[in-house]
Amino acid sequence: MKLLMTASQINGLPVVTVRGGDDVAEVRDVIYNPEAGRLVGLTLNKRGFFSGRRKEVLPAEGIHAIGRDAVMILDDSSLTAPEDAPDDVGHPATERNVIGDDVLTEGGKSLGVVRDLALLVGGAGEVVGYQIEKPAGGHGYIPLPAQLAVSGAALVVPDVTEEFVRDDLVGLGAAVDDFRARLGLA
Amino acid sequence: MSDSFRLATGRKLVSRADAQELGAVTHLLLDAAERRVSAVVVGKGRNAKLVDWAQVNSFGPDAIMVADELALHLPIDDRERAAADGKLEVLGKHALTEGGNEIGTLDDVTFDPRTGAIEMLRVGAREIPAGALLGSGSYAVILDAGQDPTS
């Protein structure tokens, strides 16, 4: 089952082992590489009432599936110490955080400010769009090309993106394929 | 004739040697990898004991018969301690697919009382064949992707 979720919906999900049926952690945050449009991993909190941060991370390669109700891993050997994880997971650069960035078209028009990531889940998760706060107010969703230029303050998207701004995740789901077809990416 | 985890809960455990009642079933311990009942948990808390499936002479409809009270043992490892604490009781657990989607809670498990082999898992109105079971633990029972919702 493929579905679209925002990063905020993934944060807080339990991380559950397929073989053990145990909730070994919960998602603290999504680590994302904006240049590659790729989810690189998840940071984790401990499970339970007095939960604090867990030092291990979950690289994308170790994710069995992200679903509506849980992130599945085969067993807890998928949880990796930061020093043993790929650099972009173990030591994610803070300037990679696109939340709050201005979305500019190549023509120089602002479509809004990034508020959240939209991920296609079901498998390991692919970032396919952003939730934005429009200049006029209100939220919208934009699809993303496979790669884009990011500075830390702004990101640049093709002009055609403006035609594909949608009101909700369902609309975005339908728009992603059409958008990529227009860009010759599909 | 099949039996079920729900039906077996509360059933008495009786010694064949002296006809003494040794306790009542709290829950059954499921071995998800083997898809069978691995033990019967009797009693609660610090008094909880286990009977390995191999020690069950007859899993009857009204009583579970064992040779004598030596069939019961205190938990000997982490898994058995978790079972004695009730953490591994499967009824009421989340029924999660390996895709990370919850399809309900586990309401009952049917099994063959002669062999202990799991037959079916019931989640709400759905009956799921034992072959779909991938794992079971303190949080959830995990079912294969064939049980994922389609939308």
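Residues numbered from 1 in each chain as written. Chains lettered and ligands numbered in written order. Predicted model: local features only at pLDDT ≥ 70, side-chain atom pairs only at ≥ 80, totals over all residues. Heavy atoms only, no water.

Visitor: For the pairing of strand β12 (residues 133-136) of chain B, give the residues involved together with the corresponding values.
Guide: All names here are of chain B. Looking at chain direction, β12 and strand β13 (residues 140-143) are connected through three bridges and run antiparallel. Within β13, the position partnered with L133 by the bridge is L143. Joining the antiparallel neighbours β12 and β13 is a turn of three residues. (Pairing = 2+ DSSP bridges. Helix = DSSP H or I, 4+ residues; strand = E, 2+ residues; numbered from the N terminus.)

Visitor: Describe in detail the side chain of H73 of chain B, supporting the description with residues and values.
Guide: Residue and element names in this part refer to chain B. With respect to the helices and strands, H73 occurs in the loop between β7 (63-66) and α2 (78-84). Within polar-contact distance, the side chain of H73 engages the side chain of E80 at 3.0 Å. In contact with H73, not counting residues within four places along its chain, are K49, L50, D52 and E80. (Polar contact = N/O pair within 3.5 Å; in protein donor to acceptor, adjacent residues only side chain to side chain. Contact = heavy atoms within 4.5 Å.)

Visitor: Just give me the short version of the environment of V51 of chain B, but keep the residues and values in it.
Guide: Residues and elements named next belong to chain B. Considering the arrangement of structural elements, one finds V51 in strand β5 (residues 49-52). On a C-alpha basis, the gap between V51 and V66 in space is 8.7 Å, while along the polypeptide they are 15 residues apart. Among residues more than four places away in sequence, those in contact with V51 are L13, S38, A39, V40, V56, V66, A71 and L72.

Visitor: If you had to explain the sheet that holds strand β4 (residues 36-42) of chain B to someone new, which residues and values would you point to?
Guide: Residues and elements named next belong to chain B. Pairing is mixed in the open sheet, where six strands are placed in the order β5-β4-β3-β2-β7-β6. Where the open sheet ends on each side, the last strands, each with one partner, are β5 and β6 (56-59). Neighbour to neighbour, the strand axes of the sheet diverge by 35° on average, direction disregarded. (Axes fitted to C-alpha atoms, helices over the stretch in contact; angles between N-to-C directions.)

Visitor: Please provide a residue-by-residue account of the interface of chain B and chain A, values included.
Guide: With 19 residues of chain B at the interface, the matching set in chain A holds 19 residues. Buried surface at the junction of chain B and chain A, both sides included, amounts to about 1300 Å², of which 52% is carbon and sulfur. Together, E98, N101 and Y139 of chain B form the three largest contributors to the area buried by chain B at its contact with chain A, with a combined 36%. Applying the counting rule to chain B against chain A returns zero salt bridges. The interface formed by chain B and chain A holds 11 residue pairs in polar contact (both at pLDDT 80 or more) in total. When residues in the side of chain B that touches chain A are grouped by element, the largest group, three residues, is from β12 of chain B. Class assignment for the residues of the side of chain B that touches chain A results in six nonpolar, 10 polar and three charged. (Buried area = accessible area lost by both parts, 1.4 Å probe. Salt bridge = Lys/Arg side-chain N within 4 Å of Asp/Glu carboxyl O. Nonpolar A, V, L, I, M, F, W, Y, C, P; charged D, E, K, R; others polar.)

Visitor: Could you give an account of the pattern of salt bridges, naming the residues involved and the relevant values?
Guide: Using the criterion set out here, one finds 15 salt bridges over all chains in the structure. With its nearest N and O atoms 3.0 Å apart, the salt bridge here joins E56 of chain A to R54 of chain A. A salt bridge links D78 of chain B to R81 of chain B, with the nearest nitrogen and oxygen atoms 3.1 Å apart. A residue pair is termed a helical-turn pair when its members lie 3 or 4 positions apart in one helix, as D78 of chain B and R81 of chain B do in helix α2 at three residues. Classification of D78 of chain B as exposed rests on a relative accessible area of 61%. Taken together, the shared-partner salt bridges connect D23, E26 and R47 of chain A into one network. (Buried < 20%, exposed > 50% of the residue type's maximum accessible area, 1.4 Å probe, protein only.)

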